[in-house]
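Each chain is listed here by its residues.
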Amino acid sequence: MLPTPYYLIDKSRLLANMEKIKRLRELSGAKALLALKCFATWGVFDFMKDYMDGTTSSSLYEIKLGHEKFGGETHAYSVAYADDEIAEVLANCDKIIFNSIGQLERFSSVSEGRIRGLRVNPRVSTSDFDLADPARPFSRLGEWDPEKIEAVMDRISGFMFHNNCENADFGRFDEMLAVIEDRFGHLIARAEWVSLGGGIHFTGDDYPLERFAARLRAFSEKYGVQVYLEPGEAAITRSATLEVTVLDTLHNGKDLAIVDSSIEAHMLDLLIYRQSAKIEPDEGEHEIMICGKSCLAGDIFGTFRFPAPLKAGDRLSVQDAAGYTMVKKNWFNGVKMPAIAIRELDGTVRTVREFSYEDYKQSLS
Ligand SMILES: *Cc1c(COP(=O)(O)O)cnc(C)c1O
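Residues numbered from 1 in each chain as written. Predicted model: local features only at pLDDT ≥ 70, side-chain atom pairs only at ≥ 80, totals over all residues. Heavy atoms only, no water.

## Section: the overall build of the protein chain
A tally of regular secondary structure across the protein chain gives 12 helices and 17 strands. In terms of C-alpha radius of gyration, the protein chain reaches 22 Å, essentially the compact-globule figure of 21 Å for 365 residues. Referenced to the eigenvectors of the C-alpha coordinate spread, the extents of the protein chain come out at roughly 65 × 50 × 45 Å. In the protein chain, which comprises 365 residues, the share counted as buried stands at 53%. Taking all contacts inside the protein chain whose residues are at least 6 apart in sequence as the whole, residues at least 24 apart take part in 67%. Summing over all exposed atoms, the protein chain offers an accessible surface of approximately 16700 Å²; the carbon and sulfur share of this is 49%. Within the protein chain, the 56 negative side-chain charges are centred at a point lying 2 Å from the centre of the 43 positive side-chain charges. (Helix = DSSP H or I, 4+ residues; strand = E, 2+ residues; numbered from the N terminus. Rg over C-alpha atoms; globule rule 2.2 N^0.38 Å. Buried < 20%, exposed > 50% of the residue type's maximum accessible area, 1.4 Å probe, protein only. Contact = heavy atoms within 4.5 Å. Areas by Shrake-Rupley, 256 points an atom, 1.4 Å probe, with all protein chains shown as cover. Lys, Arg positive; Asp, Glu negative; His and termini not counted. Charge placed at Lys NZ, Arg CZ, Asp CG, Glu CD.)

## Let's talk about the environment of Ser 111
Looking at where Ser 111 falls in the secondary structure, it is placed in the loop between α5 (101-106) and β6 (115-119). A sequence separation of 15 residues divides Ser 111 from Ile 96, and the C-alpha atoms of the two residues are 8.4 Å apart. In this structure Ser 111 touches Leu 90, Phe 98 and Arg 116, once residues within four positions along its chain are discounted. At a separation of 3.4 Å, a polar atom in the side chain of Ser 111 contacts the main-chain carbonyl oxygen of Ser 108. Among the polar contacts made by the side chain of Ser 111, one reaches the side chain of Arg 116 at a distance of 2.9 Å. (Polar contact = N/O pair within 3.5 Å; in protein donor to acceptor, adjacent residues only side chain to side chain.)

## Here's the deal with the pairing of strand β9 (residues 226-229)
Judged from the two bridges that link them, strand β2 (residues 31-35) and β9 form a sheet pairing that is parallel. When the bridges of β9 are listed, Lys 31 appears paired with Tyr 228. Where strand β8 (residues 193-195) lies against β9, three bridges are found, and the strand directions are parallel. Looking at β9, one finds that Val 194 is bridged to Val 227. (Pairing = 2+ DSSP bridges.)

## A word on the UniProt feature "domain: Orn/DAP/Arg decarboxylase 2 C-terminal" (unreviewed entry) in the protein chain
In the numbering used here, UniProt assigns the feature "domain: Orn/DAP/Arg decarboxylase 2 C-terminal" (unreviewed entry) to residues 238-321. Secondary structure content for residues 238-321 is 11% helix and 44% strand, while the C-alpha to C-alpha distance between its ends is 7 Å. (UniProt positions renumbered as here; feature names shortened; annotations may be inferred.)

## Points about the site of the ligand
Taken together, Ala 35, Lys 37, Cys 38, Met 160, His 162, Gly 198, Gly 199, Glu 230, Pro 231, Gly 232, Glu 233 and Tyr 324 are the residues near the ligand. Residue Gly 199 places a main-chain N or O atom 2.7 Å away from an oxygen atom belonging to the ligand. For the ligand, an oxygen atom lies 2.9 Å from a polar atom in the backbone of Glu 233. In the complex, the protein chains occlude 88% of the 390 Å² of accessible area that the ligand would expose alone. Classifying every residue of the shell around the ligand by side-chain character gives five nonpolar, four polar and three charged. (Near = heavy atom within 4 Å. Nonpolar A, V, L, I, M, F, W, Y, C, P; charged D, E, K, R; others polar.)

## Regarding helix α8 (residues 209-223)
Over its 15 residues, α8 runs 21 Å from end to end, which matches the ideal 21 Å to within 8%, given 1.5 Å per residue. Along α8, the residues classified as buried are Leu 209, Phe 212, Ala 213, Arg 215, Leu 216, Phe 219, Ser 220 and Tyr 223. Seen along its axis, α8 keeps its buried residues to an arc of 160°; they face one direction. Residues Arg 211, Glu 221 and Lys 222 are exposed on α8 and point more than 90 degrees away from its buried face. Contact partners of the buried residues in α8: α1 (11-28), α7 (170-188), β8 and β9. Backbone geometry just after α8 places Gly 224 at a positive phi near 65°. (Expected span 1.5 Å × (residues − 1). Arc of directions from axis to C-beta.)

Here it is as structure tokens:
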């Protein structure tokens, strides 16, 4: 058994998502780009690239990683490009998407002759968490005024909309796309491509994939555009676990177990969005709160049920540890960083990356 903590990516679970993406592409004609901000563990890119068209990004480093390790189409997007990075951005992408008309104008001559797009904010979204809501008041994410956008149509050939967030409801997606068509349809008709962003949970068990595909195909045919999707979470959902070991148990009115990991350092997104981690099957008579080993008082994975009391040395698997975990891990408290391992389709597990004290030291100076 590998020493814990480690993230374990299970290729057979990843494959189930990849097959749904492939099927959606075939049915709809849409292209699918992996959003690297959600998942950038390049050790499985060779496997994923047979099922997807490329990557999309939020920064120069993601652009470079997508271009180098995934290949296919590389979409560049950034909330704001800096003067000293634009040349390298352009050298590593197929399309460049600007967040504002100001940035499009600033980099207009240097990007002349390249495929350019603009992020448009339709001012509707499915996020109920202010922190992640692109349509929040005063949002800086994209242009929203059709008249202003129309004035720069001669310099762009496409648009990026990203307004879905963990949206598992096809009806809601459909309604919001209708809002987009209503406000921006006349501009979309003049474009060659449209990215509808990420946040659509189309790889979920009950998602009506066929209806979704038909809607995308109809949209694409109506306006004569190539549609892109930018799945992050949907591409890797439920494909990895965080493997940990119990270090200590105590009782303080509740049964507690401390593990050799930290939600703050290794699954930060859950803490930010105040969600519990998942440990399965979560059944049995013993209710135990699973806590991280950092000194943050609220470093708690959640409270789960177990068939027997836990003891030091027991191993636990925290589920759904692929998206927004490895890309956000950090050295808080100097807690040992989880290794990264891959379970191959034949069941063998190999460690692809380990982190040491040297890595911790080198991350600072
Ligand atoms: C975050 C993001 C994505 C991926 O979102 P998921 O919810 O992980 O699918 C795609 N495109 C853009 C522009 C994003 O900001």
